[in-house]
Amino acid sequence: MEYGFGIDIGGTTVKIAFFDCKGILLDKWEIKTNTENGGNAILSDIAVSINSYLIERNIHVEQIIGIGVGVPGPVDDNGIVNKCVNLGWGKVDLQKELTALTGFPVKAGNDANVAALGECWCGAARGYENVVLATLGTGIGGGIVVKGKIINGVHGAGGEIGHIVLEKEETEACGCGKYGCAEQYCSATGVVRVANRFLTESADASVLRMLEKIECKDVFEAAEKGDETSQAILEQVYSYLGLFLANICCVTDPDVILIGGGVSKAGKPLVDGTMKYFQKYAFHACRETKILLAELGNDAGAYGAWKLALDAFGEGC
């Protein structure tokens, strides 16, 4: 039997998963992401963890096909990371460096793109080759898969959909430095931002006014319980989200759009509310595009990373 590793590098933890060549997740664990000194120890820590795992389980290096890695930043087709703020990295030749540390071939990609590939392979988009994944968390991550292949772009920035501009007159800056990005309205922090702005600009009664600090889940819970102001806030969010996804479809025309990340825990109300506006704004040929909730959760990146490696190195597996 042949095996390999799918790795999802995050700003806080590195998720490492051990797979067989059929895509079965056999084991998984996490190590701390050491971002000190410009993240110099991250790849060596990963190598130590992998090598220790193989020794402990008496797995021969000849049985390892390779390693796939997802990174929270732009990664080009050659596996070179073009600056990753969360890790403290500048330009890093990840594939070359991790291969030197482990002795195994490495294939790398952007974490959200890789997660989209994972969902195509083993998640909610099984059976589809053309998929867009929008992960709505603290920010918005995006992954685009066309004919089963990730779209990285020339600079590794393909799939940075969270920075599509929805409000060109916005006066508050996005974290990326631009103004009016989708991330400012449709992410978890975006929902809170829309809520706070709505409450400031209106005198409408709401249970949200009783909270010292509003969180995204508070808005959804209050709306579900009948709070009309919270419902109005979510209508704004759904309108932004519908417009955002409709714009993406004008470029990609996917089989299916997946929504993941923490906001996706809102479930069917999120999908139904968004679909109403998506169909309003979408180009007519795209109006029936399916919007589904992602299924693999925090494992999506590991699955997709392993699929990257398997496609690159697993011939005959």
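Please refer to the structure placed before this passage.
Overview of the structure.

Conventions we followed
Residues numbered from 1 in each chain as written. Predicted model: local features only at pLDDT ≥ 70, side-chain atom pairs only at ≥ 80, totals over all residues. Heavy atoms only, no water. Helix = DSSP H or I, 4+ residues; strand = E, 2+ residues; numbered from the N terminus. Buried < 20%, exposed > 50% of the residue type's maximum accessible area, 1.4 Å probe, protein only. Polar contact = N/O pair within 3.5 Å; in protein donor to acceptor, adjacent residues only side chain to side chain. Contact = heavy atoms within 4.5 Å. Phe/Tyr/Trp six-rings, centres within 6.5 Å; stacked < 30°, edge-to-face > 60°. Core = buried A, V, L, I, M, F, W, Y, C linked by side-chain atoms within 4.5 Å.

Section: the side chain of Glu170
Inference 1: Take Glu170: it is sitting in the loop between strand S10 (149-150) and helix H5 (183-186).
Inference 2: Judged by relative accessible area, Glu170 falls into the buried class, the value being 9%.
Inference 3: Here the side chain of Glu170 touches Glu172 through a polar contact of 3.0 Å, landing on its backbone nitrogen.
Inference 4: At 2.9 Å, the side chain of Glu170 forms a polar contact with the side chain of Arg197.
Inference 5: Setting aside residues no more than four positions away along its own chain, Glu170 makes contact with Tyr179, Gly180, Gln184, Tyr185, Arg193 and Arg197.

Quick look at the packing of aromatic side chains
Inference 1: Enumeration over the complete set of coordinates arrives at nine aromatic pairs.
Inference 2: For the ring pair Phe5 and Phe18, a centre distance of 5.1 Å and an interplane angle of 45° mean the geometry is tilted. A residue pair is termed long-range when its members are at least 10 positions apart, and Phe5 in strand S1 (residues 3-9) and Phe18 in strand S2 (residues 13-20) qualify at 13 residues. Each member of the pair, Phe5 as well as Phe18, carries the same accessibility label: buried.
Inference 3: Geometrically, the ring pair formed by Tyr185 and Tyr240 is stacked, given 4.3 Å between the ring centres and 15° between the ring planes. Taken as a pair, Tyr185 in helix H5 and Tyr240 in helix H8 (residues 228-252) lie far apart in primary sequence, 55 residues in all.
Inference 4: On the basis of relative accessibility, which here comes to 1%, the residue Tyr185 falls in the buried class.

Let's talk about the nonpolar core
Inference 1: Ranked by size, the top nonpolar core spans 46 residues in total, and within it Val219, Phe220, Leu241, Phe244, Leu245, Phe278 and Ile291 carry the most contacts.
Inference 2: Of all the secondary structure elements, the ones that give two or more residues to this core are strand S8 (131-136), strand S9 (140-146), H5, helix H6 (188-201), helix H7 (216-224), H8, strand S11 (256-260) and helix H9 (268-281).
Inference 3: With eleven residues, H8 is the largest single contributor of residues to this core.
Inference 4: When neighbours within four sequence positions are excluded, Phe244 is seen to be in contact with Ala134, Ile140, Ile161, Gly162, Ile164, Leu166 and Ala182.
Inference 5: If you look at the next biggest cluster of nonpolar residues, it comprises 31 residues, including Phe5, Val71, Val75 and Phe104.

Things to note about the side chain of Asn110
Inference 1: Tracing the chain through its elements places Asn110 in strand S7 (residues 106-110).
Inference 2: A distance of 3.0 Å separates the side chain of Asn110 from the backbone nitrogen of Ala112, its partner in a polar contact.
Inference 3: Separated by 3.1 Å, the side chain of Asn110 and the backbone nitrogen of Asn113 make a polar contact.
Inference 4: With residues up to four places along the chain from it excluded, the contact list for Asn110 reads Val71, Gly73, Pro74, Val75, Gly142 and Glu160.

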